[in-house]
Amino acid sequence: MSMPRRRLIRPAPIPVPNPQRQRQAQKMRERLEHERAALARWQTRLKRAFNAVEKSQRTIARLERKITQLEE
C-alpha cells in the first residue's frame, strides 16, 4: 500500500469569539464557584457529624465493656 511521502500539517483554525458562548461559560464558572463553596460547607458539617458519631460509638463500647465486667 502506498503512502504519501509527506503530510501537510495545517494549524487549527482560530475560533471566533462568540459573545453568547462567553456569557454561558462565565455563568457556568460562577455556578461552579458557588457549588464548590457549598461542598466545602457540607464537608465541614460532615466531618463534625462523623466525629460525633465516632465519639458516641466509643462511649457505647466502653459502657458495654464495663457492664459485662460488672455482671461477671
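Before reading on, note that the structure itself is shown above.
The rules we used
Residues numbered from 1 in each chain as written. Predicted model: local features only at pLDDT ≥ 70, side-chain atom pairs only at ≥ 80, totals over all residues. Heavy atoms only, no water. Helix = DSSP H or I, 4+ residues; strand = E, 2+ residues; numbered from the N terminus. Rg over C-alpha atoms; globule rule 2.2 N^0.38 Å. Areas by Shrake-Rupley, 256 points an atom, 1.4 Å probe, with all protein chains shown as cover. Lys, Arg positive; Asp, Glu negative; His and termini not counted. Charge placed at Lys NZ, Arg CZ, Asp CG, Glu CD. Phe/Tyr/Trp six-rings, centres within 6.5 Å; stacked < 30°, edge-to-face > 60°. Lys NZ or Arg CZ within 6 Å of the ring centre and 35° of its normal. Expected span 1.5 Å × (residues − 1). Polar contact = N/O pair within 3.5 Å; in protein donor to acceptor, adjacent residues only side chain to side chain.

A few points about the overall build of the protein
Tallying secondary structure elements over the protein gives one helix and zero strands in all. Its C-alpha radius of gyration of 31 Å places the protein more than 25% over the 11 Å reference for a compact globule of 72 residues. Overall size of the protein, expressed as C-alpha extent along the three principal axes, is 90 × 45 × 10 Å. As presented, the protein carries roughly 8,200 Å² of accessible surface, and 57% of it is formed by carbon and sulfur atoms. Measuring between centres, the 19 positive side-chain charges of the protein sit 21 Å from its 7 negative side-chain charges.

Let's talk about the packing of aromatic side chains
Taken as a whole, this structure holds zero aromatic pairs when the rule is applied. Just above the ring of Trp42 sits the side chain of Arg45; from NZ or CZ to the centre is 4.8 Å.

What about helix H1 (residues 19-71)?
Structurally, the α-helix is built with 3.6 residues per turn, so residues lying three or four positions apart point the same way. Helix length check: H1, at 53 residues, gives a terminal C-alpha distance of 77 Å against a target of 78 Å (1.5 Å per residue), a fit within 8%. In this structure Asn18 caps H1, since a side-chain oxygen of it lies 3.2 Å from the backbone nitrogen of Gln20.

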